[in-house]
Amino acid sequence: MELCTYKISIAGTVQGVGFRPFIYTLAQRYLVTGTVSNNSNGVEMILNADRLTLKQFLIAVEYEYPPLACIDSIKHKEITYQIFDDFQIVETKDKGDISVNIPPDVSICTECEKELFDPKNRRYEYPFINCTHCGVRYSIVYDLPYDRSHTSMKFFQMCKACESEYTNPLDRRYHAQPIGCHDCGPRLKLMDNKGQLTQFTTNEIDKTVTLLEEGKIVAIKGIGGYHLICDASNKDAVTKLRKRKNRPRKPFAVMVLNMNMARDLAFISMIEEELLVSKERPIVIVKMKEMHSSVISPNISRIGLFLPYTPLHLLLLDKLKRPIVATSANITDEPICTNLESLQKLQGVYDYVLEHNRDIVNGCDDSVVMVVKEQQVMLRRARGYAPVRVKLPFSLKHTVLALGANQKSTISIGFDNHVILSPHIGDLDGIASVEYYEKNIETLQRVYSFKPEIIAYDKHPRYESTKVAFEILKSNENTVGKEVQHHYAHILAVMAEKQIRTKVFGVAFDGTGYGDDGRLWGGEFMVCDYEGYERVSHLEYFKLLGGVKAIKEPKRVALSLLFSLYGKEVLTLNNPTTKSFSSVELRAYYTTWQKGLNAPLSSSVGRLFDAVASLLGICQVMSFEGESGMMLEELFDISVKGCYAFGYENKKVDVLPLLDEILQEKDISIAVTKFFNTLVEIIARVYEPYDLPLVLSGGVFQNRVLLGLVLERFPDAIISNMIPPNDGGISLGQIMATIHTSRS
Ligand code: ZN
Ligand code: ZN
Ligand code: FE
């Protein structure tokens, strides 16, 4: 057959994932000549082949592409005939443009794992083994394109053996940027909490295993930050960690060696297993078999499990042969520690630190997911998933930087029909957090050579993210600001992920977000499209006694609702809520409630959960966010049917009848279950007249029981699977709100 020359363009995630060597190998197999190179859109090939070979070649591309690649499109066309002597990988010269993504960090692959445990391999037990199919990426990148010289591996000079692998197109480590070995790559260092190197006769891993066996707490430098680690089966060690970290009740994540160990601890569905062993290796929230260790997750039957995702963790667990608690090392209200300097503030928490000398450039927490009704729900989108590119259902006219919310903040940049969403950054509660957040904004813009024409931000005037938006706007005259209502952004984020183009009926059940009327919204029903939204219903406002204090103290919300129900009579009532106040306090709060002093109005369903938890004596003051909701989940009883009364008039949902009935209920489990059922009934009632797709978003839908019940009642309801329903999704939604914003 006649030889022709074809130009083939492949778009998608095809850079930094071993795509060109893969093409090179195919070229050897099909005996074709030509070139392959990276360009700003992906990978481009010039191929000299006959028609049949071309066809086979393209089929092979489509079916055999490397594990980390993701192909959006393959296009080919015939071009002027050229002659090639062989097939070559041509180096990229240009910086490329923003349509190329930074690849996320990926867990160790099976081939590397085999080599890691093969005594004959030269990387036997090398804790930083990697290849083009696995290993660190995002966390070590300073800049694009993703080349070794733009990563923190640039400080390591490759040895001869590594270099020959790195430059051999047929090798699995061809252009594996973090390549290294015992001779030339990063190394471990074990120190005590004073920074003194410890004396020991074995290697660092063995010594660390011994320390863990002795019940010590070891800070271990991982991919995107440090973990605080201890033996999960050692009650004293876990208790010590709780005390030192001042974390009395919040469940700890547990890392297990393999699926067998995971199954010893928990019930794991097929989808949960797929997630656990996936290349992203997130923390997966699963049901514990029995209250295995009440210190790991006190009073809560779910734990977060994950598998080792680096060779280092794998080596440790393989030797230790028991589960470990692995919790992010950070100081309250501060981001995850990414260097020794920041870690040292935790000296009082850890006994030893297992350090290594490869810098973490971009901090990145572990991702957290759960499965509800066979659907993946992302609770924290970070390592393995981020940064990610979301394809939009249309093109943006302007470049947009969206600054997210104040809690669980993320940032996004939008251009053409793409959004790049940062990993979870965290709560902007302290100076260090805000600095870290600003650094993330700076990094994302620099790496993508991005200049925003529009800045999108939350409506809340006191969010740190809003303040940052104003600073950016002040210093960039040509940039236009766009404030976006919080719950509208929640719904838009789902619409973006699901590429929805039609009007939807959005239910935003949330903690709190700033409303158009200055109230704290959070129980909203809104008809939305990309033009705007209409708030068609909401929970009747109630007062949050003590303002922000009410967010951590369910008893304040409950008391306020009790005043709404019974007025002054509350002072003589005897229930778990009133009992948690002194009579002096009760009288004082009655006055502030009456006068509305420091008592902002809210329609938040999150706060309603808190109130119910308080009224039933389940939780009066929370030790961590979401605690009351988790406790309510525990008490849900599937066998209980029925629900309580609620009012629905003038487009407002009145929950007071519901609370009145809850107070009459003798059985706490019945009360909780009927409360959940009532929320579903409320959604059904308000949604009934609308013939629109039902979209659910907002932090309250992290509640497994509620989400499960709503999905059972409305199997077609749309939730996001890749983007968190909590405020981690806000920045994506904000971008969507700008499509009709013009710069003039
Ligand atoms: Zn590998
Ligand atoms: Zn080497
Ligand atoms: Fe929110």
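Residues numbered from 1 in each chain as written. Chains lettered and ligands numbered in written order. Predicted model: local features only at pLDDT ≥ 70, side-chain atom pairs only at ≥ 80, totals over all residues. Heavy atoms only, no water.

Q: Even after reading the chapter, I still don't get the nonpolar core, so can you show me in this structure?
A: In a soluble, globular protein the nonpolar side chains are often hidden away together inside. Ranked by internal contacts, the top residues of the largest apolar core, which has 155 residues, are Leu305, Phe525, Leu696 and Leu706. Residue contributions to this core peak at 11 residues, all from helix α21 (residues 668-687). Setting aside residues up to four positions removed in sequence, leucine 706 forms contacts with Phe509, Phe609, Phe676, Leu679, Val680, Val700 and Phe701. The next biggest cluster of nonpolar side chains, apart from the first, holds 36 residues, and it includes Phe394, Ala405, Ala489 and Ala737. (Core = buried A, V, L, I, M, F, W, Y, C linked by side-chain atoms within 4.5 Å. Buried < 20%, exposed > 50% of the residue type's maximum accessible area, 1.4 Å probe, protein only. Helix = DSSP H or I, 4+ residues; strand = E, 2+ residues; numbered from the N terminus. Contact = heavy atoms within 4.5 Å.)

Q: How should I be thinking about the domain arrangement of the chain in this particular structure?
A: A common way to state how big an interface is: give the accessible area lost once the parts meet. In terms of domains, the chain is made up of domain 1 (4-89), domain 2 (102-186), domain 3 (188-368), domain 4 (387-498 + 727-736) and domain 5 (539-713). Computed from C-alpha coordinates alone, the two centres of domain 3 and domain 5 are separated by 35 Å. Listed as interface residues are 8 residues of domain 3 and, on the opposing side, 8 residues of domain 5. For the pair domain 3 and domain 5, the two sides together bury roughly 730 Å², of which 57% comes from carbon and sulfur. Of all residues in domain 3, the largest losses of buried area upon contact with domain 5 belong to Arg249, Ile300 and Arg302, amounting jointly to 59% of the total for that side. The interface formed by domain 3 and domain 5 includes 1 salt bridge. Between glutamate 627 and arginine 249 there is a salt bridge; the shortest N-O distance is 2.5 Å. (Domains from an automatic or database assignment. Buried area = accessible area lost by both parts, 1.4 Å probe. Salt bridge = Lys/Arg side-chain N within 4 Å of Asp/Glu carboxyl O.)

Q: Explain the coordination of the zinc ion (ligand 1) to me, please; I cannot follow it from the model alone.
A: The protein atoms donating to the zinc ion (ligand 1) are Cys109 (SG), Cys112 (SG), Cys131 (SG) and Cys134 (SG), with metal-donor distances spanning 2.3 Å. With relative accessibility at 0%, the residue cysteine 131 sits in the buried group. (Donors = N, O, S within 2.8 Å, 3.2 Å for Na, K, Ca; no water.)

Q: I keep staring at a nonpolar patch on the surface and nothing clicks. Help me out?
A: On the surface, a cluster of nonpolar side chains totalling about 340 Å² of accessible area is made up of Leu3, Tyr81 and Ile83. With respect to the helices and strands, isoleucine 83 occurs in the loop between β4 (70-79) and β5 (87-89). With a relative accessible area of 69%, isoleucine 83 lands in the exposed category. (Patch = residues over 30% accessible without salt bridge, like charges linked within 9 Å, V, L, I, M, F, W, Y side chains within 5 Å. Areas by Shrake-Rupley, 256 points an atom, 1.4 Å probe, with all protein chains shown as cover.)

Q: Is there a simple way to explain the coordination of the zinc ion (ligand 2) in this structure?
A: Summarising the metal site, the zinc ion (ligand 2) is bound by the protein donors Cys159 (SG), Cys162 (SG), Cys181 (SG) and Cys184 (SG), whose distances to it range over 2.3 Å. Because the angles between the 4 donor atoms bound to the zinc ion (ligand 2) fall within 105 to 116 degrees, the donor set is best described as tetrahedral. One chain supplies every donor to the zinc ion (ligand 2), and in sequence these donors are spaced C-x2-C-x18-C-x2-C. Residue cysteine 159 is located in the loop between α3 (110-116) and α4 (160-166), and its partner cysteine 181 is located in the loop between α4 and β6 (188-192); the two are separated by 22 residues in the primary sequence. You'll find cysteine 159 and cysteine 181 in the same group, each marked buried. (Tetrahedral: all angles 85-135°; square planar, octahedral: opposite > 155°, others 65-115°.)

Q: Explain the packing of aromatic side chains here, please?
A: Working definition: an aromatic ring pair is given by the centre-to-centre distance plus the angle between the planes. Inspection of every chain in the model, using the stated rule, returns 23 aromatic pairs. With a centroid separation of 5.2 Å and 80 degrees between ring planes, the pair formed by phenylalanine 609 and phenylalanine 675 is classed as edge-to-face. With phenylalanine 609 in helix α18 (residues 605-615) and phenylalanine 675 in helix α21, this pair connects stretches of sequence that are 66 residues apart. For phenylalanine 609, a relative accessible area of 4% gives the class buried. The rings of Phe505, Phe509, Phe525, Tyr687, Tyr690, Phe701 and Phe714 are connected pair by pair, giving a single aromatic cluster. Of note, lysine 543 hangs over the ring of tryptophan 593, and the distance from its end group to the ring centre comes to 4.8 Å. Positioned over the ring face of phenylalanine 581 is lysine 555, at 4.8 Å from the centre of the ring. (Phe/Tyr/Trp six-rings, centres within 6.5 Å; stacked < 30°, edge-to-face > 60°. Lys NZ or Arg CZ within 6 Å of the ring centre and 35° of its normal.)

Q: I keep staring at the pairing of strand β11 (residues 283-288) and nothing clicks. Help me out?
A: When a strand is regular, its side chains alternate between the sheet's two faces. As paired elements, strand β10 (residues 266-267) and β11 share 2 bridges and run antiparallel to each other. Looking across to β11, one finds that alanine 266 is bridged to methionine 288. Relative to strand β12 (residues 302-306), β11 runs antiparallel, the two sharing 4 bridges. Among the inter-strand pairings, valine 286 is bridged to a residue of β12, identified as isoleucine 303. (Pairing = 2+ DSSP bridges.)

Q: Which parts of the structure should I look at to understand the packing of helix α5 (residues 204-213) against helix α9 (residues 311-320)?
A: If you want to describe how two helices pack, look at the angle between their axes and the distance between the axes. Relative to each other, α5 and α9 sit at 55 degrees, their axes nearing to 9 Å. One finds that α5 runs oblique with respect to α9. Regarding α5 and α9, the two cross each other, and that crossing is right-handed. Where α5 approaches α9, its residues Ile205, Asp206, Thr208, Val209, Leu212 and Glu213 are matched on the opposing element by Leu312, Leu315, Leu316, Lys319 and Leu320. Residue composition of the contact of α5 with α9, grouped by class: 7 nonpolar, 1 polar and 3 charged. (Axes fitted to C-alpha atoms, helices over the stretch in contact; angles between N-to-C directions. Parallel < 35°, antiparallel > 145°, perpendicular 65-115°, else oblique. Left-handed = near helix turned anticlockwise from the far one by under 90°. Nonpolar A, V, L, I, M, F, W, Y, C, P; charged D, E, K, R; others polar.)

Q: Would you explain the packing of helix α19 (residues 627-635) against α21 in this entry?
A: As a packed pair, α19 and α21 sit with axes 8 Å apart at the nearest point and diverge in direction by 110 degrees. One element, α19, and the other, α21, form an angle in the roughly perpendicular class. Two packed elements cross with a definite hand, and for α19 against α21 that hand is left-handed. From α19, Leu632, Glu633 and Leu635 reach across to α21, where they touch Ile668, Ser669, Val672, Thr673, Phe675 and Phe676. A per-class count over the contact of α19 with α21 returns 6 nonpolar, 2 polar and 1 charged.

Q: Explanation requested: the environment of serine 328 in the structure shown.
A: With respect to the helices, strands and loops of the structure, serine 328 is situated in strand β13 (residues 324-328). Each C-alpha atom, one on serine 328 and one on methionine 158, is 31 Å from the other, the two residues being 170 residues apart in sequence. In contact with serine 328, other than residues within four places in its own chain, are Tyr226, His227, Lys245, Ile336 and Asp365. One polar contact links serine 328 to aspartate 365, side chain to side chain, over a distance of 2.9 Å. (Polar contact = N/O pair within 3.5 Å; in protein donor to acceptor, adjacent residues only side chain to side chain.)

Q: It is not clear to me how the environment of phenylalanine 155 should be interpreted in this structure. Could you clarify?
A: Structurally, phenylalanine 155 is set in the loop between α3 and α4. A sequence separation of 87 residues divides phenylalanine 155 from leucine 68, and the C-alpha atoms of the two residues are 26 Å apart.

Q: What am I meant to see in the pairing of strand β24 (residues 520-528) here?
A: Among the 9 residues of β24, 9 are classified as buried, and the element is accordingly described as predominantly covered. Between the antiparallel neighbours strand β23 (residues 504-514) and β24 lie 5 residues, among them glycine 518 with a positive phi of about 80 degrees. Of the strand pairs in this sheet, β24 and strand β25 (residues 533-539) are connected by 5 bridges, and their pairing is antiparallel. Among the inter-strand pairings, phenylalanine 525 is bridged to a residue of β25, identified as serine 537.

Q: Would you explain the pattern of salt bridges in this entry?
A: Working definition: two side chains of opposite charge can pair if their charged atoms are close together. Inspection of the entire model under this criterion finds 32 salt bridges. We note a salt bridge from arginine 383 to aspartate 366, for which the minimum N-O separation is 2.9 Å. With arginine 383 in the loop between β16 (375-380) and β17 (388-391) and aspartate 366 in the loop between β14 (352-356) and β15 (368-372), the pair connects residues that are 17 residues apart, well separated along the chain. In this structure, arginine 383 and aspartate 366 share a single accessibility class: buried. Here lysine 408 and glutamate 625 are joined by a salt bridge, their closest N and O atoms 2.5 Å apart. Here lysine 408 is found in the loop between β18 (400-402) and β19 (412-415), whereas its partner glutamate 625 is found in the loop between α18 and α19, with 217 residues between them in sequence.

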